[in-house]
Amino acid sequence: MPTLGQNQYGKAETRVVRIVRDGAVHHIRDLNVSVALSGDMDEVHLSGSNANVLPTDTTKNTVYAFAKEGGIASPEEFGIRLARHFVTGQEAIRTARVRIEEYGWERIATAGAARHSFVRSGQETRTAQVAFDGERWEVISGLMDLTVLNSTDSEFHGFVKDEYTTLPETRDRVLATEVHARWRHGWCDDREPAPDWERIYADARGDLLAAFAETYSLSLQQTLYEMGARVIDNRPAIDEIRLSLPNKHHFLVDLTPFGLKNDNEVYFAADRPYGLIEATVLRDGVRPRIATD
Ligand SMILES: O=c1[nH]c(=O)c2[nH]c(=O)[nH]c2[nH]1
C-alpha cells in the first residue's frame, strides 16, 4: 500500500475586513487569511473517517469570530492567536500554519472631515506567516510588490561575456524592482515577550527603502545584499531575511532613426522576461529557515 506523506488542510483565503469605529473616526484592517492544519489525520485520508477533522468551514468561522472578539492588532498577532487556538483546542491538531496578506487602506485627504473614507494603498501587500507546533513559534513577516526605482547611481559592467552576450556595459542605468521580502523573527518562545509587530514592520520596510535609495549600485545583487544587511544590522529581533528582486529592465530606446539623441531620457520599460535576483541574508551563526522557493 502506498504511504501517505505530509498532509495539511484548512480554509485558504478567508477575506476578513474589520472596521473599528472610534466615534466618527474609523479604522480598517483588511486581511486574506489561509490556515493549514496538520496532525493525526491519517484516517481521513486512508479510510475516510472524519473523526479527527475540524471542518475547514469552522476554520473560516473562527477567523471571523476572532476578528470580532480580539480584534486585529497586527497580522502577526492575529495569526498567533489563531494558531494557538487550533493547536491547543484540538487533540488531533499538532501544528498550525497561518498565512496572512494584509491590504493597506489610506485615508482620503479632503478639505472636509475624512474619517470614514479610504483609498486602497497602491503600494505593497504586507505578509505574515505564523507556524506553531505546540511549543515553538516561527514568525516570518514580509512584504510583496513594493515597487522602487533609482533613476541613476546604478552601473552594470565587467560581467562575463560569451558568444551569446549582446548586453552593452553601462555606467548609468535605471534600476527598478518590485521588492518581495520575508524576514524571520528570533522570537520563538511564548515565555519571552513578543516583538512589537507593527513597529518592526514599519522599521524593516524603512530600512529596505533607505538601503535601496542610498546604495550606489554595481549590480542588483549588491543592492539586494545591502538591503538585507541593513535590516539585519538595524533590527536585532530579526535573524534572517530573504529577498526576491525582479530586475524591472528599462532599456534605452534607439531614437537615431528619428535623428534624435537619447541622452538617458527615454526608456522602454520591459515587462518580461526579467532578471530574478534572490538571496538570503543572515545574522552571524544563524541557520537559514526561510524557504527558498
Ligand atoms: O544587476 C544586474 N545583475 C545581473 O545579474 C544582470 N544580468 C543582466 O543581464 N543585467 C543584470 N543586472
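In this text the structure is predicted, and so the values were computed from the model without any measurement.

## Things to note about the packing of aromatic side chains
Part 1 of the reasoning: According to the stated counting rule, one finds five aromatic pairs in the structure shown.
Part 2 of the reasoning: Seen in terms of ring centroids, Phe 132 and Trp 137 are 3.8 Å apart; in terms of plane orientation they differ by 10°. Their pairing is stacked. By the burial criterion, Phe 132 is buried, and Trp 137 matches it.
Part 3 of the reasoning: With centroids separated by 5.9 Å and ring planes inclined at 35°, the aromatic side chains of Trp 183 and Tyr 201 adopt a geometry described as tilted. Of this pair, Trp 183 sits in strand β8 (residues 175–185) while Tyr 201 sits in helix α4 (residues 197–214), placing them 18 residues apart in sequence.

## Concerning the site of the ligand
Part 1 of the reasoning: Around the ligand, the surrounding shell consists of Phe 156, Leu 167, Arg 173, Ser 219, Leu 220, Gln 221 and Asn 247.
Part 2 of the reasoning: Between Leu 220 and the ligand, the recorded distance is 2.7 Å, taken from a backbone N or O atom to an oxygen atom.
Part 3 of the reasoning: Gln 221 is positioned with one of its side-chain polar atoms (N or O) 2.9 Å from a nitrogen atom of the ligand.
Part 4 of the reasoning: A total of 290 Å² of accessible area belongs to the ligand in isolation, and the protein chains cover 71% of it.
Part 5 of the reasoning: When grouped by side-chain class, the residues that make up the shell around the ligand number three nonpolar, three polar and one charged.

## Observations concerning the sheet that holds strand β12 (residues 275–282)
Part 1 of the reasoning: Spatially, eight strands are ordered β1-β2-β3-β6-β7-β8-β9-β12 in an open sheet, and the strand pairing comes out antiparallel. The open sheet terminates on both sides in strands that have one partner only, identified here as β1 (14–22) and β12. Adjacent strand axes in the sheet meet at a mean angle of 20°, parallel and antiparallel pairs treated alike.
Part 2 of the reasoning: Relative to strand β7 (residues 137–150), strand β6 (residues 125–132) runs antiparallel, the two sharing eight bridges. Residue pairing in the sheet places Thr 127 in a bridge with Gly 142 of β7.
Part 3 of the reasoning: The strands that helix α2 (residues 56–69) touches are β1 and β2 (25–39); relative to β1, the one it contacts most, it runs at about 15°.
Part 4 of the reasoning: Across the sheet, helix α3 (residues 75–89) lies against β2, β3 (93–103), β6 and β7, angled at about 160° from β3, the strand it touches most.

## A look at unusual backbone geometry
Part 1 of the reasoning: Following Arg 272, the chain continues to Pro 273 via a peptide bond in cis, the omega torsion being -5°.
Part 2 of the reasoning: Looking at where Pro 273 falls in the secondary structure, it is placed in the loop between β11 (267–269) and β12.
Part 3 of the reasoning: Residue Asp 145 is not a glycine yet carries a positive backbone phi of 65°.
Part 4 of the reasoning: With respect to the helices and strands, Asp 145 occurs in strand β7.
Part 5 of the reasoning: Phi is positive for Asp 153, close to 60°, though the residue is something other than glycine.
Part 6 of the reasoning: Note that Asp 153 resides in the loop between β7 and β8.
Part 7 of the reasoning: Overall, the relative accessible area of 37% leaves Asp 153 in the partly exposed class.

So, how was this worked out
Residues numbered from 1 in each chain as written. Predicted model: local features only at pLDDT ≥ 70, side-chain atom pairs only at ≥ 80, totals over all residues. Heavy atoms only, no water. Phe/Tyr/Trp six-rings, centres within 6.5 Å; stacked < 30°, edge-to-face > 60°. Buried < 20%, exposed > 50% of the residue type's maximum accessible area, 1.4 Å probe, protein only. Helix = DSSP H or I, 4+ residues; strand = E, 2+ residues; numbered from the N terminus. Near = heavy atom within 4 Å. Polar contact = N/O pair within 3.5 Å; in protein donor to acceptor, adjacent residues only side chain to side chain. Areas by Shrake-Rupley, 256 points an atom, 1.4 Å probe, with all protein chains shown as cover. Nonpolar A, V, L, I, M, F, W, Y, C, P; charged D, E, K, R; others polar. Pairing = 2+ DSSP bridges. Axes fitted to C-alpha atoms, helices over the stretch in contact; angles between N-to-C directions. Contact = heavy atoms within 4.5 Å.

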